Amino acid sequence: QFHMIKHEDLTWSESLGQGSFTHIFRGSKTDQRDGVTHSTEVLLKVLDANHKNCWESFFEAASLMSQISHKHLLLVYGISVHKSKNIMVQEFVKHGALDLYLKKSTSVSVSWKLDVAKQLACALNFLEEKNIAHGNICAKNLLLAREGDPSTDNSPFIKLSDPGISMALLGKDVVLDRIPWVAPEVLNTLEIELECDKWSFGSTLWEIFNNGEAPLQGLDPIHKQQFYEHFSNLPALEWTELADLISQCMQYQPELRPSCRSIIRQLNSLITSDYEILHASDTLPK
Ligand SMILES: N#Cc1ccc(Nc2nc(N)cc(-n3cnc(CCO)c3)n2)cc1
């Protein structure tokens, strides 16, 4: 159920960093269409050789993304297996991971952030309707296809990346390190349900409105585990309506978390609320 890409059709450029058990590179792929050679810029995601046993989960994550298509889901062109290398070939998303973008950008407006949050909620709603849990929602896995430009008021556009290797195969230390994005119940079951994505959505909202700062970043795995054992909550944002939405999503009882439709409705009212207009004054040129 995959398009297989020949290794010789791939060109490798610079390394762009790494995910869990993977390395990513900029690159390009060539293919012949009606006798014409096309070269497409791609992102090459390679499974670490010392985690070869995860190749099924690695490709299962990719196949999830290629069996369904949605404007806010990353496009996976196919896979390439060459000698001991397992490679996922993805569309190259122009501005990269959202967490890094937010850390670098100073003047990102409240309406820009709400727009991004709503796009993620729409992607999750699409997955929820298909009863598909993603399992790795976080700002690092949101890719910015279009920056949006405050002066021309053109809006950002994000794509949700593949979920990567499944929790069950990641090992306890990686799962603990994903606190507070990973839902508390996952620590016991290592199973991902739809409700888990709501919890992660709350944590990602917190990141977006804290300019890409990772929640609980200073805590070591033991203290992160205690954060859940003590049923702790992230520090509330000043904007109480937004803080309320985050705490609704990050309820320890999965069944109490809101549906995607409710999340979208609440985001819509935040977008139109006067608070947003008031906030806009923060970013208007003085
Ligand atoms: N400077 C710069 C720059 C870097 C990267 C891209 N593009 C791109 N396209 C993708 N399909 C996936 C990713 N990507 C980034 N980090 C991860 C790991 C966490 O998911 C995945 N980046 C564009 C510009």
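Before reading on, note that the structure itself is shown above.
Quick summary incoming for the structure in this document. Remember, it's a predicted structure, so these values are computed and weren't measured experimentally. (Residues numbered from 1 in each chain as written. Predicted model: local features only at pLDDT ≥ 70, side-chain atom pairs only at ≥ 80, totals over all residues. Heavy atoms only, no water.)

1. Side note on helix α1 (residues 55-67)
To keep things clear, this is the line we draw: Secondary structure counts use DSSP, requiring at least four H or I residues in a row for a helix and at least two E residues in a row for a strand, with both numbered from the N terminus. Here, expected helix span is obtained from the residue count minus one, scaled by 1.5 Å. Residues are treated as being in contact if the distance between any of their heavy atoms lies within 4.5 Å.
Taking 1.5 Å per residue as the helical rise, α1 with its 13 residues ought to reach 18 Å, and the 18 Å between its terminal C-alpha atoms agrees with that figure. Turning to α1, the residues buried within the fold contact β2 (22-33), β3 (36-47), β4 (76-82), β5 (85-91), β7 (157-160) and α4 (167-170).

2. Comments concerning the nonpolar core
The condition is simple: The definition of a nonpolar core used throughout is a set of buried Ala, Val, Leu, Ile, Met, Phe, Trp, Tyr and Cys residues joined through side-chain atoms within 4.5 Å. Only protein chains enter the area calculation, which uses a 1.4 Å probe; residues under 20% of their type maximum are buried, those over 50% are exposed, and those in between are partly exposed.
Counting residues in hydrophobic clusters, the biggest one holds 74 residues, and the most contacted among them are Phe201, Phe209 and Leu267. The element contributing the most residues to this core is helix α3 (residues 110-129), with 11 residues.

3. Details of the site of the ligand
Rules: Whether a residue is near a molecule or strand depends on its heavy atoms: it is near if one of them lies within 4 Å of it. Think of a polar contact as two N or O atoms within 3.5 Å of one another; within protein, one of them needs to be a possible hydrogen donor and the other a possible acceptor, and neighboring residues in sequence only count if both atoms come from side chains. Using a 1.4 Å probe, accessible areas were evaluated by the Shrake-Rupley method; residue-level cover was limited to the displayed protein chains. The residue classification treats Ala, Val, Leu, Ile, Met, Phe, Trp, Tyr, Cys and Pro as nonpolar and Asp, Glu, Lys and Arg as charged. All others, Gly included, are polar.
Around the ligand there are 15 residues in total, and Gln90, Glu91, Val93, Lys94 and Asn141 lie nearest to it. In this structure, a nitrogen atom belonging to the ligand sits 2.7 Å away from a main-chain N or O atom of Val93. Between the ligand and Lys140, the relevant distance is 3.4 Å, taken from an oxygen atom to a main-chain nitrogen or oxygen of the residue. Protein chains bury 81% of the 530 Å² of accessible surface belonging to the ligand in isolation. Per-class residue counts for the shell around the ligand are eight nonpolar, four polar and three charged.

4. Remarks on the packing of α3 against helix α7 (residues 194-208)
We count it as follows: Fitting a line to C-alpha atoms yields each axis, with helices limited to the stretch in contact; the angle taken between N-to-C directions then spans 0 to 180 degrees. Any angle that is under 35 degrees is reported as roughly parallel, and any over 145 degrees as roughly antiparallel; angles of 65 to 115 degrees are reported as roughly perpendicular and all others as oblique.
Where α3 meets α7, the closest approach of the two axes is 11 Å, and the angle between their N-to-C directions is 170 degrees. As summarised for this structure, α3 and α7 are arranged roughly antiparallel, according to the angle between their axes. Counted together, Lys113, Val116, Ala117, Leu120, Ala121, Leu124 and Glu128 of α3 and Leu194, Asp197, Lys198, Phe201, Thr204, Leu205 and Ile208 of α7 form the full contact between these two elements. A per-class count over the contact of α3 with α7 returns nine nonpolar, one polar and four charged.

5. Considering the packing of α3 against helix α10 (residues 260-272)
Just so we agree on the cut-off: Crossing handedness is defined as follows: a turn of the near helix away from the far one that is anticlockwise and smaller than a right angle gives a left-handed crossing, while the clockwise case is right-handed.
Direction vectors running N to C along α3 and α10 enclose 165 degrees, while the axes themselves pass 9 Å from each other. By the angle between their directions, the pair α3 and α10 is classed as roughly antiparallel. Viewed along their axes, α3 and α10 form a crossing whose handedness is left-handed. Of the residues in α10, those touching α3 at Leu114, Ala117, Lys118, Ala121, Cys122, Leu124, Asn125 and Glu128 are Cys260, Arg261, Ile263, Ile264, Leu267, Asn268, Leu270 and Ile271.

6. Notes on the packing of aromatic side chains
Note the threshold: Only rings of Phe, Tyr and Trp enter the pairing, Trp through its six-membered ring, and a pair is recorded when the two centres are within 6.5 Å. The plane angle decides the type: under 30 degrees is stacked, over 60 is edge-to-face, the rest tilted. Ring-over charges, as used throughout, are those where CZ of Arg or NZ of Lys falls within 6 Å of the ring centre and within 35 degrees of the ring normal.
Under the defined criterion, the tally for this structure stands at 11 aromatic pairs. Considering the side-chain rings of Trp55 and Phe59, the 6.4 Å spacing of their centres and the 65 degrees angle between planes classify their relative orientation as edge-to-face. Remark: Phe59 and Trp55 occur in helix α1; sequence separation between them is four residues, near one turn of the helix. Among the aromatic residues, those joined into a cluster by ring pairs are Trp199, Phe227, Tyr228, Phe231 and Tyr252. A cation sits over an aromatic face here: Lys29 above Tyr77, 4.5 Å from the ring centre. The positively charged end of Lys85 is found above the aromatic ring belonging to Trp12, 4.4 Å away from the centroid.

7. Notes on the sheet that holds β2
The line we're drawing: Note: two strands are recorded as paired if DSSP finds a minimum of 2 bridges between them.
As summarised here, the arrangement of the five strands in space is β1-β2-β3-β5-β4, forming an open sheet in which the pairing is antiparallel. Two strands close off the open sheet at either side, each with one partner strand: β1 (10-19) and β4. The sheet shows a mean angle of 30 degrees between the axes of neighbouring strands, taken without regard to direction. As defined by bridge partners, β4 adjoins β5 across six bridges and the pair is classed as antiparallel. What sits directly across from Val76, in β5, is Gln90.

8. Overview of a negative patch on the surface
Under the convention used in this document: Only residues whose relative accessible area exceeds 30% and that form no salt bridge enter a patch; like-charged residues are grouped when within 9 Å of one another, and nonpolar side chains (Val, Leu, Ile, Met, Phe, Trp, Tyr) when within 5 Å. By salt bridge we mean one thing: a side-chain nitrogen of Lys or Arg within 4 Å of a carboxyl oxygen of Asp or Glu. Note that His is not counted, nor are the chain ends; the positive residues are Lys and Arg, and the negative ones are Asp and Glu. A charged residue contributes its charge at one atom only: NZ of Lys, CZ of Arg, CG of Asp or CD of Glu.
Together, Glu191, Glu193, Glu195 and Glu255 give the surface a local cluster of negative charge. By the secondary structure assignment, Glu191 is in the loop between α6 (186-189) and α7.

9. Some details on the pattern of salt bridges
Following the criterion strictly, the structure yields 11 salt bridges and no others. Of the charged contacts, one joins Lys29 and Asp31 as a salt bridge, the two residues approaching to 3.6 Å between their closest N and O atoms. Taking relative accessible area as the criterion, Asp31 reaches 22% and is therefore assigned partly exposed. One network of salt bridges, in which partners are shared, links Glu14, Arg26 and Glu41.

10. Quick notes on the environment of Lys83
Within the fold, Lys83 resides in the loop between β4 and β5. When its relative accessible area of 79% is taken as the criterion, Lys83 is described as exposed.

11. Topic: unusual backbone geometry
The amide bond that connects Ile179 to the next residue, Pro180, takes the cis arrangement and shows omega of 10 degrees. Structurally, the position occupied by Pro180 is in the loop between α5 (172-177) and α6. Unusually for a residue other than glycine, Lys83 sits at a positive phi of about 50 degrees.

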